[in-house]
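Residues per chain, in single letters:
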Amino acid sequence: MELWLQLKQAGLEPPGLGPPPPALRVPPSEETFPQTLLSPGPDPTGAKESLLWIWEELGNLRRMDVQLLGQLCSLGLEMGALQEELVAFLEEEEEEEEEEEKEVGEEEEEEEPQGKQEEGRLGVFSLATRLPDFEMTI
């Protein structure tokens, strides 16, 4: 149950899901079968044995439910931690990309005057060697 509280405090409690039922909130105890349910006297049908077996199986299922709830809570907490790491990693990566873009932008600004001069020379050349438009030749 402590893990459930940690999950809730971390804000990772699944939406729409209330607290666990009371049977899972308290630690399972080694309860004995209530003797009031057993009638005194002989049991020719074996009902006592069947009831005792069902009672034991219910106890086993309850212990398993508590274990599974604990494991799910642990998994939820671990997923929350991984999510935080992923967000931090993505933010860091985004910052690095922004820095690289700034550096590349500064380098392009320095190279831009040379590129324009080359474009000017190539632009004249490309216009002179380009084939005329079909409509222009008629």
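The model shown is predicted, which means the values in this text are computed figures rather than measured ones. (Residues numbered from 1 in each chain as written. Predicted model: local features only at pLDDT ≥ 70, side-chain atom pairs only at ≥ 80, totals over all residues. Heavy atoms only, no water.)

J.: How do you make sense of the overall build of the chain when you look at a structure like this?
T.: A count of helical and extended segments in the chain gives four helices and zero strands. The burial tally for the chain puts 8% of its 138 residues in the buried class. Expressed as a percentage of contacts within the chain between residues at least 6 apart in sequence, the contacts between residues at least 24 apart total 57%. With the model as given, the accessible surface of the chain reaches about 12,100 Å², and the carbon-plus-sulfur share is 58%. (Helix = DSSP H or I, 4+ residues; strand = E, 2+ residues; numbered from the N terminus. Buried < 20%, exposed > 50% of the residue type's maximum accessible area, 1.4 Å probe, protein only. Contact = heavy atoms within 4.5 Å. Areas by Shrake-Rupley, 256 points an atom, 1.4 Å probe, with all protein chains shown as cover.)

J.: I tried to follow the nonpolar core on my own but got confused; where do I start?
T.: Here is a general trend for soluble globular proteins: nonpolar side chains tend to be buried in one another's company. Core analysis: the biggest nonpolar cluster contains five residues, these being Trp-4, Leu-7, Leu-24, Leu-69 and Cys-73. Residues in contact with Trp-4, not counting those within four places in the same chain, are Glu-13, Pro-14, Leu-17, Gly-18, Pro-19, Pro-20, Leu-69 and Cys-73. (Core = buried A, V, L, I, M, F, W, Y, C linked by side-chain atoms within 4.5 Å.)

J.: Help me out: how do you make sense of the environment of Asp-65 in this one?
T.: Note that Asp-65 resides in helix H3 (residues 47-129). Along the chain, Asp-65 and Leu-24 lie 41 residues apart, while their C-alpha atoms are 7.3 Å from each other.

J.: Help me understand the confidence of the model for the chain in this model?
T.: A low pLDDT score tells you not to read the predicted coordinates there in detail. Summary statistics for the chain give a mean pLDDT of 75 and a share of 65% for residues scoring 70 or more. Across the chain, the secondary-structure element scoring lowest on mean pLDDT is helix H4 (residues 134-137), at 49, and the one scoring highest is helix H1 (residues 2-9), at 81. (pLDDT = per-residue confidence, 0-100.)

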